[in-house]
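Chain by chain, the residues:
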Amino acid sequence: MSVQNLLMLLLPLVALAALSAIAGLIGYNVAREGGSSVSTAIGRGSFVFFSVMTLFIALLAVLVPAMT
């Protein structure tokens, strides 16, 4: 695999990580608005982040072999 192919694979991975971070922030804000303490809200936001990131990595694991 060439360097260009690796960089083209890294680009959507970084973009999806940014989307996951936004989803984690939304999860944090929803938990805070629901009355959770800060430490509990951070835990819930991080759970949302890692769940969405796992979903995106699984999606990439299916799509990348299909495209090559």
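Novice: Could you give an account of the packing of aromatic side chains, naming the residues involved and the relevant values?
Specialist: The relation between two aromatic rings is expressed through the spacing of the ring centres and the mutual angle of the planes. All chains considered together, the criterion is met by 1 aromatic pair. Their ring planes at 70° and their centres at 4.9 Å tell us that Phe49 and Phe50 sit as a pair that is edge-to-face. For Phe50, a relative accessible area of 54% corresponds to the exposed category.

Novice: How would you sum up helix α1 (residues 3–33)? Please name residues and give values.
Specialist: For α1, built from 31 residues, the straight-helix expectation of 45 Å at 1.5 Å per residue is met to within 8% by its first-to-last C-alpha distance of 45 Å. Of the surrounding elements, those touching the buried residues of α1 are α2 (38–67).

Novice: Would you mind going over the packing of α1 against α2 in detail, with residue names and values included?
Specialist: One can describe the packing of α1 onto α2 by two numbers: an axis separation of 7 Å at closest approach and a directional angle of 150°. Taken together, α1 and α2 sit at an angle that is classed as roughly antiparallel. α2 is crossed by α1, and the crossing has right-handed handedness. Per-class residue counts for the contact of α1 with α2 are 20 nonpolar, 4 polar and 2 charged.

Calculation notes
Residues numbered from 1 in each chain as written. Predicted model: local features only at pLDDT ≥ 70, side-chain atom pairs only at ≥ 80, totals over all residues. Heavy atoms only, no water. Phe/Tyr/Trp six-rings, centres within 6.5 Å; stacked < 30°, edge-to-face > 60°. Buried < 20%, exposed > 50% of the residue type's maximum accessible area, 1.4 Å probe, protein only. Helix = DSSP H or I, 4+ residues; strand = E, 2+ residues; numbered from the N terminus. Expected span 1.5 Å × (residues − 1). Contact = heavy atoms within 4.5 Å. Axes fitted to C-alpha atoms, helices over the stretch in contact; angles between N-to-C directions. Parallel < 35°, antiparallel > 145°, perpendicular 65-115°, else oblique. Left-handed = near helix turned anticlockwise from the far one by under 90°. Nonpolar A, V, L, I, M, F, W, Y, C, P; charged D, E, K, R; others polar.

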